[in-house]
Amino acid sequence: MSYSTADSFRPVTLDDVRGAQKMLSGVARVTAMEGSRHLSQMVGAPVHLKCENLQRTGSFKLRGAYVRIAGLLPEERAAGVVAASAGNHAQGVALASALLGVRSTVFMPKGAPLPKVSATRDYGAEVRLHGQVVDETLAAAQEYAAETGAVFIHPFDHPDIIAGQGTVGLEILEQCPEARTILVGIGGGGLAAGIAVAVKSLRPDVRVVGVQAAGAAAYPPSLAAGRPVSVENPATMADGIKVGRPGDVPFGIVGELVDEVRTVSEDELSAALLLCLERAKLVVEPAGASPVAALLSEPGAFEGPVVAVLSGGNVDPVLMERVLLHGMAAQGRYLAVRLRLTDRPGALAALLGALSVVDANVLDVSHVRTDPRLGLTEAEVELHLETKGPAHCAEVGQALREAGYTVIG
């Protein structure tokens with residue numbers, strides 16, 4: 001499979017995906033398909049997790065990047081490649097280029113997580129930090145391509161990229177031939193489009209459902225308008241699917257072959273990430289957990305067996321901590337309360353004693369005595385508690401009130 005850069009809008013076919021699968025043999029891993037008893041019980045049908053978070057570089061992005069770069073003409077390879085990414089695509093391009101002996105330059109935002117920057121360099125790319133947001137980084141990469149002749153490797157808007165990502169769909173049908181529904185996160189649309197081409201060509205009866213973060217959901221209005229439209233200021237913790245506008249090439253495929261596009265909230269994303277960690281023992285980034293979030297949102301909406309594609313596992317440790325706490329709070333397992341009490345010796349100990357009676361685990365205590373809003377004999381305490389769920393949260397609140405404490409937040 002060898003195509004020139006100008007051949008950017010040709011149709012993507014099953015033969016393209018099969019050719020990509022042959023090209024990726026020995027390069028990309030055939031990632032595991034893991035059953036989830038917890039999700040299966042919730043859905044009422046078998047649920048399987050396609051673990052692209054365990055792919056080389058930590059996401060599916062290597063597949064498309066390798067096929068795209070391998071398909072360049074000799075003179076294009078000689079000019080090198082350039083990409084723009086905050087993480088997963090950067091690492092995929094860097095490793096694919098190194099494996100193919102092609103020079104790569106990757107532009108990343110100045111605020112990109114250090115582990116992702118370091119990994120991209122370790123895979124062999126020259127990393128240039130530019131801009132505060134990906135749009136600025138993307139513009140810098142395209143300017144570099146125009147100045148140097150390097151080939152710009154788009155993260156999703158090219159047939160070779162889509163064909164490479166479509167190999168995930170072939171693996172799903174090989175590993176779970178009885179699948180009836182496939183859930184996959186959507187940002188620009190390359191992965192969903194590739195999976196849809198592969199799956200619908202072989203099993204048109206299988207339902208393919210895309211999942212977007214509600215704060216960055218460009219596909220629903222685009223599908224309604226019949227053309228790609230932009231979402232201003234997309235906002236979500238799921239940076240892997242934080243894309244303000246669908247790609248032109250994947251949009252046409254998604255519109256034709258993807259059965260439905262759903263959205264999920266930030267609470268559902270964080271709860272899904274927490275579930276993957278606790279129940280499946282898998283580290284998954286928020287974008288990769290979006291299909292699980294859709295299952296949590298409406299478990300009865302999907303015919304089984306269901307395959308949820310965990311598209312990536314590159315999550316910054318600092319973000320992971322915040323998301324886990326968010327997920328615990330969303331499930332009623334983390335409670336923050338503020339209350340006022342009389343400022344006297346033993347008052348804080350008495351408060352903690354009241355909490356121990358209802359078996360609430362105190363994670364953090366903030367004790368303020370000098371705020372001008374407080375009376376002369378008052379103190380304000382903020383408590384962060386680990387609880388057992390919504391019912392236990394209500395029990396904690398009731399116990400505090402019965403002990404005479406005024407909860408103010």
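I will try to describe carefully the structure that is included in this document. Only a predicted model underlies this, so the values are computations on that prediction, with no experimental measurement involved.

### Overview of the state of the cysteines
1) Next: On inspection of all chains with the given rule, the structure shows 0 disulfides.
2) Next: Left without a disulfide partner, cysteine 51 is nearest to the cysteine sulfur of cysteine 276, which lies 8.7 Å away.
3) Next: Sulfur of cysteine 176: no disulfide; nearest cysteine sulfur belongs to cysteine 51 and is 13 Å away.

### As for the sheet that holds strand β9 (residues 260–264)
1) Next: Strand order in the open sheet made by the 6 strands is β1-β2-β10-β7-β8-β9, with mixed pairing throughout. What marks the edges here is a single partner per strand, and that holds for β1 (33–35) and β9. When strand polarity is set aside, the average angle formed by the axes of neighbouring strands in this sheet is 25°.
2) Next: Lying on the sheet, helix α9 (residues 190–202) is in contact with β7 (181–185), β8 (207–213) and β10 (306–310); it crosses β7 at an angle near 160°.
3) Next: Contacting β8, β9 and β10, helix α12 (residues 266–279) runs over the sheet at an angle of about 90° to β9.

### Some details on helix α11 (residues 248–257)
1) Next: Buried residues of α11: Val249, Pro250, Phe251, Ile253 and Val254, and no others.
2) Next: Buried residues along α11 sit in contact with α8 (159–175), α9, α10 (219–225) and β9.

### Here we look at the packing of α12 against helix α13 (residues 290–297)
1) Next: The interhelical angle for the contact between α12 and α13, taken along N-to-C directions, is 105°, at an axis separation of 8 Å. In terms of orientation, α12 lies roughly perpendicular with respect to α13. Listed contacts from α13 to Glu268, Leu269, Ala271, Ala272, Leu275 and Cys276 of α12 are Ser290, Val292, Ala293, Leu296 and Ser297.
2) Next: In the contact of α12 with α13, the residues fall into 8 nonpolar, 2 polar and 1 charged.

### Details of helix α14 (residues 317–330)
1) Next: In this model α14 runs 20 Å from its N-terminal to its C-terminal C-alpha over 14 residues, within 8% of the 20 Å that 1.5 Å per residue would give.
2) Next: Residues of α14 that are buried include every one of Leu319, Met320, Val323, Leu324, Gly327 and Met328, and no others. Angularly, the buried residues of α14 cover 165° about the axis, an arc narrow enough to put them on a single face. Residues of α14 that are exposed and angled more than 90 degrees away from the buried face: Val318, Glu321 and Arg322.
3) Next: Contact partners of the buried residues in α14: α12, β11 (334–342) and β13 (378–386).
4) Next: Just past α14, the residue glycine 332 takes up positive phi, approximately 75°.

### With respect to the pairing of strand β5 (residues 126–129)
1) Next: Direction of pairing for strand β4 (residues 104–108) relative to β5: parallel, over a ladder of 4 bridges. Looking across to β5, one finds that valine 106 is bridged to valine 127.

About the cut-offs
Residues numbered from 1 in each chain as written. Predicted model: local features only at pLDDT ≥ 70, side-chain atom pairs only at ≥ 80, totals over all residues. Heavy atoms only, no water. Disulfide = S-S within 2.5 Å. Pairing = 2+ DSSP bridges. Helix = DSSP H or I, 4+ residues; strand = E, 2+ residues; numbered from the N terminus. Axes fitted to C-alpha atoms, helices over the stretch in contact; angles between N-to-C directions. Contact = heavy atoms within 4.5 Å. Buried < 20%, exposed > 50% of the residue type's maximum accessible area, 1.4 Å probe, protein only. Parallel < 35°, antiparallel > 145°, perpendicular 65-115°, else oblique. Nonpolar A, V, L, I, M, F, W, Y, C, P; charged D, E, K, R; others polar. Expected span 1.5 Å × (residues − 1). Arc of directions from axis to C-beta.

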